[in-house]
Amino acid sequence: MTSSLETPNSLNSVSPYDNIDHPDHPNYNNEANTKLYNVILKGTPVLTGAIVACGCAYVGLNDPESKQLFPTCGFYALTGMYCPGCGMTRALHSLLGGNIIRAIRFNLLLVLAMPILIYAYVWWMSWTFKVKEMPKLKFSRRVAWSLFAFALIFIIGRNFPGDLPNYFSLGK
């Protein structure tokens with residue numbers, strides 16, 4: 001005798017989630033899923049690189065000091081103080097033009113982060129295409145906290161009056 005919750009057919013049916021060989025199972029591994037996974041895995045860093053390259057080309061070809069490429073920073077417009085990102089477009093334009101000192105004066109954090117960002121992208125590409133095993137960047141807690149403290153001091157310090165803070169806030 002069956003209970004009111006069970007029907008005779010429900011005892012014989014198997015859920016696709018119970019059987020890993022069932023095509024509807026989330027972990028079912030067929031050739032189409034593998035190909036899609038490879039396209040996504042390999043396409044993501046390539047597409048990211050293409051988008052970043054287009055953005056860099058746009059910023060490199062258009063001087064942000066003479067043209068209004070992007071809207072004014074909301075934090076700067078509201079408070080009159082620089083946020084961590086203020087000056088990054090002008091710094092990137094200066095870096096792409098080879099003027100590192102001018103880029104440092106616009107935004108030191110971007111200039112210091114650029115080698116790490118480039119290394120991280122190259123590591124991502126080499127990991128994706130299994131070209132060569134590259135060492136991972138490892139930071140101790142002390143180094144990480146020191147970088148955080150430096151960034152915080154820079155962000156706050158560039159908004160104070162004086163010659164040194166004004167040096168790192170070109171265009172203020």
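No experiment lies behind these values; they were computed from the predicted model shown.

S.K.: What's the story with the overall build of the protein in this structure? I'm lost.
M.R.: The helix and strand tally for the protein stands at seven helices and zero strands. Ordered by position from N to C terminus, the α and β elements of the protein give α-α-α-α-α-α-α. Counting across all 172 residues of the protein, residues that qualify as buried make up 20%. Taking the contacts inside the protein whose residues are at least 6 apart along the sequence as the reference set, 48% of them involve residues at least 24 apart. Split by element, the accessible area of the protein, about 12,700 Å² in all, is 66% carbon and sulfur.

S.K.: How do you make sense of a nonpolar patch on the surface when you look at a structure like this?
M.R.: Taken together, the side chains of Ile116, Leu137, Phe139, Val143 and Leu147 present a nonpolar region at the surface, about 430 Å² in accessible area. Locating Leu147 in the fold gives a position in helix α6 (residues 141-157).

S.K.: Before we go on, may I ask you to explain the pattern of salt bridges in this structure?
M.R.: Two side chains with opposite charge may pair up if their charged atoms get near one another. Scanning the entire structure with this criterion turns up one salt bridge. A salt bridge links Arg102 to Glu65, with the nearest nitrogen and oxygen atoms 2.6 Å apart. Taken together, the residues span a long stretch of sequence, with Arg102 in helix α4 (residues 100-106) and Glu65 in the loop between α1 (31-61) and α2 (74-79) at a distance of 37 residues. Accessibility expressed as a relative area gives 44% for Glu65, which makes it partly exposed.

S.K.: I tried to follow the packing of helix α3 (residues 88-96) against helix α5 (residues 108-129) on my own but got confused; where do I start?
M.R.: If you want to describe how two helices pack, look at the angle between their axes and the distance between the axes. Packing of α3 against α5 brings their axes to within 9 Å, and their N-to-C directions diverge by 55°. In terms of orientation, α3 and α5 fall into the oblique class. Regarding α3 and α5, the two cross each other, and that crossing is right-handed. In this structure, α3 uses Met88, Ala91, Leu92 and Leu95 to contact α5, whose residues at the interface are Leu110, Val111 and Met114. Considered class by class, the residues forming the contact of α3 with α5 number seven nonpolar, no polar and no charged.

S.K.: Mind showing me how you'd approach the confidence of the model for the protein here?
M.R.: Caution is warranted with low-pLDDT regions, since their predicted coordinates should not be read in detail. Considering every residue of the protein, the mean pLDDT works out to 81; 80% of them sit at 70 or more. The spread of mean pLDDT over the elements of the protein runs between helix α7 (residues 163-167), the lowest at 78, and α3, the highest at 93.

S.K.: Sorry, what's going on with α5 here?
M.R.: Under the 1.5 Å per step criterion, the end-to-end length of α5 is 33 Å for 22 residues, consistent within 8% with the ideal 32 Å. Approximately 35° is the largest bend angle found in α5, and it occurs at Met114, with the proline Pro115 only one to four residues beyond. The N-cap residue of α5 is Asn107: its side-chain oxygen and the backbone nitrogen of Leu109 are 3.1 Å apart. Backbone geometry just downstream of α5 places Lys130 in the positive-phi region, at approximately 50°.

S.K.: Whenever I open this one, the layout of surface pockets confuses me. Can you help?
M.R.: Where empty space is left can be seen by rolling a probe of water-molecule size over the atoms. Considered as a void within the structure, the largest pocket measures approximately 480 Å³ in volume. Looking at which element gives the most residues to the lining of the largest pocket, the answer is α3, with three residues. Classifying every residue of the lining of the largest pocket gives nine nonpolar, six polar and three charged. The wall of the second largest pocket is formed by Thr48, Gly49, Val52, Cys56, Leu92, Leu95, Leu96, Met114, Leu117, Ile118, Ala120 and Tyr121. At the level of secondary structure, the elements contributing two or more residues to the lining of the second largest pocket comprise α1, α3 and α5. For the lining of the second largest pocket, the leading source of residues is α5, giving five residues.

S.K.: Before we go on, may I ask you to explain the environment of Tyr82 in this structure?
M.R.: Relative to the helices and strands, Tyr82 resides in the loop between α2 and α3. For Tyr82, a relative accessible area of 4% puts it in the buried group.

S.K.: What is the right way to read the environment of Asp63 from this model?
M.R.: The residue Asp63 is located in the loop between α1 and α2 in this model. The exposure class assigned to Asp63 is partly exposed, which follows from its relative accessible area of 27%. A sequence separation of 27 residues divides Asp63 from Arg90, and the C-alpha atoms of the two residues are 7.6 Å apart. At 3.2 Å, the side chain of Asp63 forms a polar contact with the backbone nitrogen of Glu65.

What counts and how
- Throughout, a residue's number is its position along its own chain's written sequence, starting from 1.
- Whole-chain, interface and lining totals are the exception, using all residues; otherwise, since this is a predicted model, local features are given only for residues with pLDDT of at least 70 and side-chain atom pairs are given and counted only at 80 or more.
- Values reported for side chains reflect all heavy atoms of the structure, with hydrogen atoms and water molecules removed beforehand.
- Numbering goes from the N terminus for both helices and strands, where a helix is a DSSP run of H or I of at least four residues and a strand is a run of E of at least two.
- Only protein chains enter the calculation, and the probe is 1.4 Å; a residue is then buried if its accessible area is under 20% of its type maximum, exposed if over 50%, and partly exposed in between.
- Any pair of residues with heavy atoms lying within 4.5 Å of one another is described as a contacting pair.
- Per-residue accessibility takes into account occlusion by the displayed protein chains alone, with areas from the Shrake-Rupley method and a 1.4 Å probe.
- Each patch is assembled from residues with relative accessible area greater than 30% and no salt bridge, linking like charges that lie within 9 Å and nonpolar side chains (Val, Leu, Ile, Met, Phe, Trp, Tyr) that lie within 5 Å.
- For salt bridges, the criterion is a side-chain nitrogen of Lys or Arg within 4 Å of an Asp or Glu carboxyl oxygen.
- The angle between two axes is taken between their N-to-C directions and runs from 0 to 180 degrees, where each axis is a line fitted to C-alpha atoms and a helix contributes only its stretch in contact.
- Angle categories are assigned with fixed cut-offs, so that under 35 degrees is roughly parallel, over 145 is roughly antiparallel, 65 to 115 is roughly perpendicular, and the rest are oblique.
- Crossing handedness is read from the near helix: turned anticlockwise from the far helix by less than a right angle, it gives a left-handed crossing, and turned clockwise, a right-handed one.
- Classification convention: Asp, Glu, Lys, Arg as charged; Ala, Val, Leu, Ile, Met, Phe, Trp, Tyr, Cys, Pro as nonpolar; all other residues, Gly among them, as polar.
- As a per-residue measure, pLDDT reflects the predictor's confidence and takes values from 0 up to 100.
- A helix is expected to reach a length of 1.5 Å times the quantity of its residues less one.
- The term bend refers to the angle at a residue between two fitted axes, each drawn through seven residues, those ending there and those starting there.
- The term polar contact refers here to a pair of N or O atoms within 3.5 Å; inside protein, the definition further demands a hydrogen-donor-capable atom paired with an acceptor-capable atom, and it admits residues adjacent in sequence only when both atoms are side-chain atoms.
- Here a cavity means grid points, on a 1 Å grid over the protein atoms only, where a 1.4 Å probe fits yet cannot get out; a pocket means an open set of points with protein on both sides within 12 Å along at least five of seven lines; lining residues are those with an atom within 4 Å of a point.
- Grid points are joined across faces, edges and corners, and a volume is the space filled by probe spheres set on the points.

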